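Structural features, examined
Given next are the chains, with one letter for each unit.
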Amino acid sequence: MQKRGSVLSIAGVFLALCALGGAQESTVGPRVAAYDDFVRRFPAWSTTAALDGLRASDFARLEQTGQVYLDYTGGNLYALRQLTQHARDLQENVFGNPHSANPSSQASTDQVERTRDAILDYFRAPQDEYELIFTPNASGALRLVGESYPFTAESRLLLSTDNHNSVLGIGEFAKADRAAVDYVPLQGDDLRLDTQALAEKLAQRHPGGRSLLAYPAQSNFSGVKHPLEIIDQAHAAGWDVLLDAAAFVPSNRLDLSRWKPDFVCISFYKLFGYPTGVGCLLVRKESLARMRRPWFAGGTVEVVSVVARRHLMRRDTAAFEDGTIDYLSIPAVSHGLRLMDEVGIDTIRTRVECLTGWLLATLPTLRHSNGAPLVKVHGPKDVVSRGGTVSFTLLDPDGKVIDVAAAGAIASKAGISLRTGGCFCNPGAGESAFGIRASDVGALLDSCAKDGDPNVRDEMFRQHGIHVLRASFGWVSNFADAQALVAFLRGFIDQPADRVGRMADTYRGPETP
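Structure report, in brief. (Residues numbered from 1 in each chain as written. Predicted model: local features only at pLDDT ≥ 70, side-chain atom pairs only at ≥ 80, totals over all residues. Heavy atoms only, no water.)

1. Re the environment of Ala504
Which entries qualify depends on this criterion: In this text, helices come from DSSP runs of H or I with a minimum length of four residues, and strands from runs of E with a minimum of two, each type numbered from the N-terminal end.
By the element assignment, Ala504 lies in helix α21 (residues 497-506). With 98 residues separating them in the primary sequence, Ala504 and Ala406 have C-alpha atoms 5.3 Å apart.

Following this line, the structure appears as structure tokens:
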């Protein structure tokens, strides 16, 4: 193998390929020993063997392309059978616009309504309590809540600091209606909600208006699983609850017969990869009755009169499904749900938990020759009340932050799909992880506004050393994927931060031995 002295240790990347079975026979023994040790430490892994069969039958493209996919929080992967089953539906039937009244229209309506029922059944949502509104994605569902919730000057919107931007954006609707907006802080390095502060803020609800608490069941930044018990706690204090379940439901059961949030937002590509462009809002009927839309579109109204300048909204979920819904893609959701039921959500959760536990136990062992840590994990350091999303920063032997763009570029050239950035659309969690204060952000925003510099985020990341990589496991992740990540990270051991950028420029991918 040709040597490149200044290039990031090719051994790190090469070992990643070894973990995938793509290298010399001499690596087989250590790989088998490492796997045996993993199974010994995580005996529950053996109960997830069916997912190895699913990977072999429906995800062979991973091995065929040599890809190590570790961005399940960003987007799940679809199974081959989901595509073939959906393609068969389209090939064998004629589907028309459901707003018409003809055989093809009725075929579409029947498919959509069967899918609506299947989703409610999957989440065990009592149909006398919950309705389902189809949306383009979770963000679309959140927008519906924001624009339609009955905020008034006596309302309060309480947001967890750990929230996706699409949830935080609801604050703009609340402020426009003169509602008070507040945030629940996070505690310590684990980035969990401050339960005392939460209780105090819930007690501040004004009795004259409806108030809403919005938080994620699982953080897309740290992997923290925030307690579902908060739903009952908030209801007892007189609050409505919006639960962002997008990062939670791909590997956890959300049982709406037990937990009763008023609103739940979901994107189905996060759940099982396909289709994209379809999400939903699960909403309690009593909460839906209080929602008022600020506009109307095709399909949402019973009648519109231009001459009378009046309109009457529909009284069912159709009032919230703008225009023609994606009637060709929505039925594909049923195939994904059926497969999730076949493999079992508990089996998926177990697999993700085993891999996450091994990774969290292994990352602290990655150290430079001087004993300094290579990796700083943001969030819980074990699998207690946490999911399969692991965010971390790489440090050089002197404790300097390694540029995430350079590290990400090298990972991409090695065929490893990670998420790189600063906060992953979750600014509160990122600010909490790096100890950023309001005064820091305010001064930077003022300076950039004065200078006309639009790159506020990049400057903030530079000033505060915000460089984060995120690895996340999903339903067909395997131990080789986790090994490949660790082997790749080993290549940064003893590398000065200022050299990694040059390595990213010169590295052209692993060489064949």
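2. Looking at the sheet that holds strand β13 (residues 375-378)
The criterion, for reference: Here, strands pair whenever DSSP counts at least two bridges between them. Interaxial angle, 0 to 180 degrees, is taken between N-to-C directions of lines fitted to C-alpha atoms, where a helix line uses only the stretch in contact.
Strand order in this open sheet of four strands is β13-β14-β17-β16, and the pairing throughout is antiparallel. Of all the strands in the sheet, the pair left with one neighbour each is β13 and β16 (419-421). Taking the axes of each pair of neighbouring strands and ignoring which way they run, one obtains an average angle of 30° across the sheet. Summarising the sheet, β13 and strand β14 (residues 389-394) pair through four bridges and their orientation is antiparallel. Each residue of the ladder has a partner; that of His378, found in β14, is Ser391.

3. Quick notes on the sheet that holds strand β9 (residues 263-267)
Put simply, the rule reads: Contacts between residues were defined by any pair of non-hydrogen atoms, one from each residue, lying within 4.5 Å.
One open sheet holds the seven strands; their spatial order is β2-β10-β9-β8-β7-β3-β4, and the pairing between them is mixed. Both outer strands of the open sheet, β2 (130-135) and β4 (180-184), are each paired with one neighbouring strand and no more. On average, adjacent strands in this sheet sit at an angle of 20° to one another, irrespective of strand direction. Bridging between strand β3 (residues 156-160) and strand β7 (residues 212-216) involves three bridges; their strand directions are parallel. Bridge assignment links Leu157 to a residue of β7, and that residue is Leu212. Its contacts with the sheet put helix α6 (residues 103-122) on β2 and β10 (279-284), and the angle it makes with β2 is roughly 125°. Here helix α10 (residues 195-202) sits on the sheet in contact with β3, β4 and β7, set at roughly 160° to β4.

4. Points about unusual backbone geometry
Cis geometry marks the peptide bond from Tyr274 to Pro275, where omega comes out at 5°. When you line up the elements, Pro275 lands in the loop between α12 (268-272) and β10. Notably, Arg178 is not glycine yet its phi reads approximately 65°, a positive angle. Notably, Arg309 is not glycine yet its phi reads approximately 55°, a positive angle.

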